[in-house]
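Residue-level listing of the chains:
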Amino acid sequence: MERVRFINFPKILDERGNLSVVENGAALPFEIAGCAWLYDLRDGEKWQNKHLGGKDELIIALSGGFEITVNDGTDSKSFYLNRPYRALYVPKGLQWQMGNFTTNSVVFVLSAETSVNGGETAADGSFGNKLVPLNEAPCLQGHITVVENGKGSPFDVKRVYYLYDVPAGESRGAHAHKALKQLVIAVSGSFNITLDDGKEKHLYTLNRPGEALEVGPGMWRTLDGFSSGAICLVLASEVYTAEDYIRDYDEFLEYKKQKQI
Ligand code: TYD
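Note that this is a predicted model, so its numbers are computed, not measured.

1. A short note on the overall build of the protein
In terms of regular secondary structure, the protein is built from one helix and 23 strands. By the compact-globule yardstick of 18 Å for 261 residues, the protein fits well, its C-alpha radius of gyration being 18 Å. Taken along its principal axes, the extent of the C-alpha atoms in the protein is 65 × 40 × 35 Å. Within the protein, the proportion of its 261 residues that are buried is 49%. Nonlocal contacts in the protein, meaning residues at least 24 apart in sequence, comprise 80% of its contacts between residues at least 6 apart. Summed over all atoms, the accessible surface of the protein reaches about 12,300 Å², with 46% contributed by carbon and sulfur. Each charge sign in the protein was given a centre, from 27 positive and 34 negative side chains, and these centres are 1 Å apart.

Written out as structure tokens, the structure is:
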């Protein structure tokens, strides 16, 4: 039980909204194998980890708040989660139960192992710049969407970051990446993403936690139109490197010209 602990992740404060990031290495005590998020949680319902399997897990309140009680067979201890930069690490073998969800709670769970069943479809290799349905399941208690490395996800997730508390009228993310692949998800509220390949622009409105926008390399992307309470979750194919960014639009157009893409 003493191995259960809170881990604080970076909270990058900005007047255009806040950003937190969890990635392999750094403070994470395992490598990411799977991600799941729970939402539309019904009042009075509880979640137990028998739904997700007994493995090393990191649990985050992306939105709202809830209580989690961890049990090691002899002892039990309760914790309260309500901020997205403060996660609870629960080692393999312990039972947990979540409850007392506030309205609009979104629970995010990172796992060290994939589940035994489900999500076995292979990625079809056609990644890029389109809205795709994810592996979403309705449950008695609410909804769960699962993305697991090697089980239908278009890449292995090595980093997860999320934008939250974005003030009205702000925009984010005017940049492109050279190699990074990302799945962008509105786990709460809604926002727009404009993808620009240097020639054409497409605007996508994201507003459901069970679908993602695939954003490939070489795309200038801008996020705006954030609703109140919007949470933008991004699953990324690589850990953070500043070198992978192109932050200047003219430089981006030059890069596209040179690469002929
Ligand atoms: P950035 O990607 O530049 O967001 P935006 O394009 O919306 O401004 O990220 C903002 C800051 O956060 C920037 O200083 C880099 C830092 N950051 C990390 O340290 N790790 C990450 O995984 C991400 C996404 C950003």
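2. Overview of unusual backbone geometry
Here the phi dihedral of Asp 40 falls at roughly 50 degrees; this positive angle occurs in a residue that is not glycine. Take Asp 40: it is sitting in the loop between strand 4 (34–39) and strand 5 (47–48). For Asp 40, a relative accessible area of 40% gives the class partly exposed.

3. A closer look at the sheet that holds strand 15 (residues 159–164)
The seven strands lie next to each other as 2-3-15-22-17-20-12, forming an open sheet whose pairing is antiparallel. The two strands at the open ends of the sheet, each matched to only one other strand, are strand 2 (11–12) and strand 12 (131–133). As judged from the three bridges shared by strand 12 and strand 20 (residues 211–215), these two strands associate in the antiparallel manner. For Leu 131, the partnering residue across the bridge sits in strand 20 and is Leu 213.

4. Focus: the site of the ligand
For the ligand, the full set of nearby residues is Ile 12, Arg 16, Leu 19, Val 21, Arg 159, Tyr 161, Arg 172, Gly 173, His 175, Tyr 240, Tyr 245 and Arg 247. One nitrogen or oxygen atom from the side chain of Tyr 245 is found 2.7 Å from an oxygen atom belonging to the ligand. One nitrogen or oxygen atom from the side chain of Arg 247 is found 2.6 Å from an oxygen atom belonging to the ligand. In the complex, the protein chains occlude 80% of the 520 Å² of accessible area that the ligand would expose alone. Broken down by element, the shell around the ligand gets its largest block of residues, three residues, from strand 16 (residues 172–177).

5. Regarding the environment of Val 22
Checked against the element boundaries, Val 22 lands in strand 3 (residues 18–23). Relative accessible area serves as the criterion here: at 0%, Val 22 is assigned to the buried category. Between the alpha carbons of Val 22 and Val 90 there is a distance of 16 Å; along the sequence they are 68 residues apart. Excluding its chain neighbours within four sequence positions, the residues that come into contact with Val 22 are Phe 9, Leu 28, Ile 32, Leu 58, Ile 60, Leu 110, Arg 159, Val 160 and Tyr 162.

6. Observations concerning the packing of aromatic side chains
The geometry of an aromatic ring pair is captured by the separation of the ring centres together with the interplanar angle, meaning the angle of the planes. For the coordinates displayed, the defined rule picks out eleven aromatic pairs. Plain terms: the ring middles of Phe 30 and Tyr 89 are 6.3 Å apart, the flat faces sit at 35 degrees to each other, and that makes the pair tilted. With Phe 30 in the loop between strand 3 and strand 4 and Tyr 89 in strand 9 (residues 86–90), this residue pair connects regions lying 59 residues apart in the sequence. The exposure classification of Phe 30 matches that of Tyr 89, with both residues buried. Taken together, Trp 220, Tyr 249 and Phe 252 form an aromatic cluster joined through their ring pairs. Seen from the ring of Tyr 85, Lys 11 lies directly overhead, with NZ or CZ sitting 4.3 Å from the centre. Against the face of Phe 6 rests Arg 86, its NZ or CZ located 3.9 Å from the ring centre.

7. Some words on the nonpolar core
Ranked by internal contacts, the top residues of the largest apolar core, which has 34 residues, are Trp 37, Leu 58, Phe 108, Val 160, Leu 233 and Leu 235. Phe 66, Ile 68, Val 107 and Ile 144 belong to the second-largest nonpolar core, a separate cluster that totals 21 residues.

8. Observations regarding the sheet that holds strand 16
In space, the five strands of this open sheet follow the order 19-18-21-16-23, with antiparallel pairing throughout. Of all strands in the sheet, those bounded by a partner on one side alone are strand 19 (201–206) and strand 23 (245–246). Note: strand 16 against strand 21 (residues 220–224), two bridges, orientation antiparallel. Bridge pairing in strand 21 places His 175 opposite Arg 221.

Rules behind the numbers
- Residues numbered from 1 in each chain as written.
- Predicted model: local features only at pLDDT ≥ 70, side-chain atom pairs only at ≥ 80, totals over all residues.
- Heavy atoms only, no water.
- Helix = DSSP H or I, 4+ residues; strand = E, 2+ residues; numbered from the N terminus.
- Rg over C-alpha atoms; globule rule 2.2 N^0.38 Å.
- Buried < 20%, exposed > 50% of the residue type's maximum accessible area, 1.4 Å probe, protein only.
- Contact = heavy atoms within 4.5 Å.
- Areas by Shrake-Rupley, 256 points an atom, 1.4 Å probe, with all protein chains shown as cover.
- Lys, Arg positive; Asp, Glu negative; His and termini not counted.
- Charge placed at Lys NZ, Arg CZ, Asp CG, Glu CD.
- Pairing = 2+ DSSP bridges.
- Near = heavy atom within 4 Å.
- Polar contact = N/O pair within 3.5 Å; in protein donor to acceptor, adjacent residues only side chain to side chain.
- Phe/Tyr/Trp six-rings, centres within 6.5 Å; stacked < 30°, edge-to-face > 60°.
- Lys NZ or Arg CZ within 6 Å of the ring centre and 35° of its normal.
- Core = buried A, V, L, I, M, F, W, Y, C linked by side-chain atoms within 4.5 Å.

From the geometry alone we can't say anything about function, so treat these as descriptive.
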